[in-house]
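# A look at the structure
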Amino acid sequence: MAAPLARPAKTPAPQTAPPPTGPAVPAGPAVSAGPGKPGGPGTRSGQRRAVALFTIPFFALFTAVTVLPMLYAAWMSLYREESSGLGFGGTERVFAGLGNFTEALGNEAFLRSFGNIALYCALYIPAMVGGALILALLVDSTMARARRFFQIAYFLPHAVPGLIASLIWLYLYTPGLSPITDALDALGAQWNFFGQDEAIFSVVNISAWQWIGYNMIIFYAGLQAVPREVLEAATVDGAGALRTALQVKIPMIRPTVVLTLLFTCVGAIQLFDAPKLVQLRANTMGEDWSPTMFIYTAAFKGHDYGLAAASSLLLALVAGLLSFVVTKLGNRWKAS
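The shown structure was predicted, so the numbers you read here are calculated from the model rather than taken from an experiment.

### Let's talk about the packing of helix α5 (residues 162-173) against helix α7 (residues 199-224)
Relative to each other, α5 and α7 sit at 130°, their axes nearing to 10 Å. Accordingly, the angle class assigned to the pair α5 and α7 is oblique. When you trace α5 past α7, the crossing you get is right-handed. Of α7, the residues touching α5 (which contributes Gly-162, Ala-165, Ser-166, Trp-169 and Tyr-173) are Ser-202, Asn-205, Ile-206, Trp-209 and Gln-210. Partitioning the contact of α5 with α7 into residue classes produces five nonpolar, five polar and no charged.

Okay, structure coming up:
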């Protein structure tokens, strides 16, 4: 009989030392990120210096060209110049308090200028915003070709300075010089671009021609941010191009439309160059057709700087209130 196999001897488990029973050794202080390390004080101070480096020039320029002129205008609005001795004794600056503001609010020409701008906005904003939105949708459509060419072509009128654009259209409005008026005469149509009722359309045309392309670029950029899968889903659901544009694209660029409306309203209330040049031929418009024209006339022709300063502050107040109203209505439209 074979001998039984011998079992291997068990290796004894290593003995571990018992834990110390003495007092616990306190842990050392946590090592914090030193200067220059991510999250350290050096990084935070460097970020603050970088922010200050980029923001200080803006605030300095904003203070120089906006805050200080407004403070100076506020100071000028509290005084008026009075002449003595039938005009031969010179002028004297006297404190008027709120007298200049009362005079501006009671001036029929100043109040009428806001009515003219309201009518201008009623004609200009739908034409400009609607035209820019239609052009942006056409360029963004799937059937569009040569998109880059049309973007540049539509934007070119905005590259022309406003004064130069007004001079160009003033030439095109002038009978005997304009090919437009010659073509209308050949067709037997009569249109006086400088007439009492037609002059405002001439001003609207100048502004719309200059700004449609600019806002079209803004709308087109907003349309490019619309997710393509959303448009593809609308196509799969059977929505045509028109329905997709009205019910998908336009609702998804509401913030862009609201921002454009805000800038358009603020810019419209400061309208000056186009009506000022058209007024040279359309005498029925008057030199105080817009609020800025009234301020210009009061300051540089009437030499009433107190009235001009008070009117400019009232204009700034109206612009601020208009911005607030447009923003509130736009937020409600975006939330709907």
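Past the structure itself, the notes keep going.
### Remarks on a nonpolar patch on the surface
Nonpolar side chains collect at one region of the surface, where Leu-163, Ile-164, Leu-167 and Ile-168 lie side by side and expose about 330 Å² of accessible area between them. On the secondary structure map, Ile-164 appears in helix α5.

### Observations regarding the pattern of salt bridges
Applying the stated criterion to the full structure yields four salt bridges. A salt bridge links Lys-249 to Asp-140; the shortest N-O distance between them is 3.0 Å. Taken together, the residues Lys-249 in helix α9 (residues 241-252) and Asp-140 in helix α3 (residues 108-140) connect sequence positions 109 residues apart. One salt bridge connects Glu-287 with Lys-301, and the closest N-O pair in it is separated by 2.9 Å. One end of the pair, Glu-287, is in the loop between α11 (273-278) and α12 (291-300); the other, Lys-301, is in the loop between α12 and α13 (305-335), and 14 residues separate them in sequence. Residue classification places Glu-287 among the partly exposed positions, given a relative accessible area of 33%. Its relative accessible area of 45% is what places Lys-301 among the partly exposed residues.

### Considerations on the packing of aromatic side chains
Under the counting rule described, the total for this entry stands at 18 aromatic pairs. Pairing Tyr-296 with Phe-300 gives two aromatic rings, centres 5.2 Å apart and planes at 45°, and the pair type is tilted. One end of the pair is Tyr-296 and the other is Phe-300, both in helix α12 and four residues apart, which spans about a single turn. Given the relative accessible area of 32%, Tyr-296 is considered partly exposed.

### Thoughts on the state of the cysteines
According to the stated counting rule, one finds zero disulfides in the structure shown. With no disulfide of its own, Cys-265 lies 5.9 Å from the sulfur of Cys-121, the closest cysteine sulfur.

### Let's talk about unusual backbone geometry
Excluding glycine, a negative phi dihedral is what most residues carry, and trans is how most peptide bonds are arranged. A positive phi is found at His-303, a non-glycine position, where the angle reads about 55°. Among the structural elements, His-303 can be located in the loop between α12 and α13.

### Things to note about the packing of α3 against α9
Running from N to C, α3 and α9 cross one another at 100°; their axes reach a closest spacing of 12 Å. Overall, the two elements α3 and α9 adopt an arrangement that is roughly perpendicular. Each of Leu-133, Leu-137 and Asp-140 in α3 lies in contact with α9, whose residues at this interface are Ala-245, Lys-249 and Ile-250. Of the residues that constitute the contact of α3 with α9, the class distribution is four nonpolar, no polar and two charged.

### Overview of the side chain of Ser-290
Considering the arrangement of structural elements, one finds Ser-290 in the loop between α11 and α12. A distance of 3.0 Å separates the side chain of Ser-290 from the backbone oxygen of Leu-271, its partner in a polar contact. Residue contacts for Ser-290: discarding those within four places in its chain leaves Ser-113, Ile-117 and Leu-271.

### Regarding the confidence of the model for the protein
Summing up the model confidence of the protein, the mean pLDDT is 82 and the portion of residues at 70 or higher is 84%. A low-confidence stretch, residues 22-26 stays under pLDDT 50, and its non-local contacts, those more than four residues away or across chains, total zero contacts. With pLDDT under 50 throughout, residues 28-33 is counted as low confidence; its partners more than four residues away or in other chains account for three contacts.

Criteria and cut-off values
- Residues numbered from 1 in each chain as written.
- Predicted model: local features only at pLDDT ≥ 70, side-chain atom pairs only at ≥ 80, totals over all residues.
- Heavy atoms only, no water.
- Axes fitted to C-alpha atoms, helices over the stretch in contact; angles between N-to-C directions.
- Helix = DSSP H or I, 4+ residues; strand = E, 2+ residues; numbered from the N terminus.
- Parallel < 35°, antiparallel > 145°, perpendicular 65-115°, else oblique.
- Left-handed = near helix turned anticlockwise from the far one by under 90°.
- Contact = heavy atoms within 4.5 Å.
- Nonpolar A, V, L, I, M, F, W, Y, C, P; charged D, E, K, R; others polar.
- Patch = residues over 30% accessible without salt bridge, like charges linked within 9 Å, V, L, I, M, F, W, Y side chains within 5 Å.
- Areas by Shrake-Rupley, 256 points an atom, 1.4 Å probe, with all protein chains shown as cover.
- Salt bridge = Lys/Arg side-chain N within 4 Å of Asp/Glu carboxyl O.
- Buried < 20%, exposed > 50% of the residue type's maximum accessible area, 1.4 Å probe, protein only.
- Phe/Tyr/Trp six-rings, centres within 6.5 Å; stacked < 30°, edge-to-face > 60°.
- Disulfide = S-S within 2.5 Å.
- Polar contact = N/O pair within 3.5 Å; in protein donor to acceptor, adjacent residues only side chain to side chain.
- pLDDT = per-residue confidence, 0-100.

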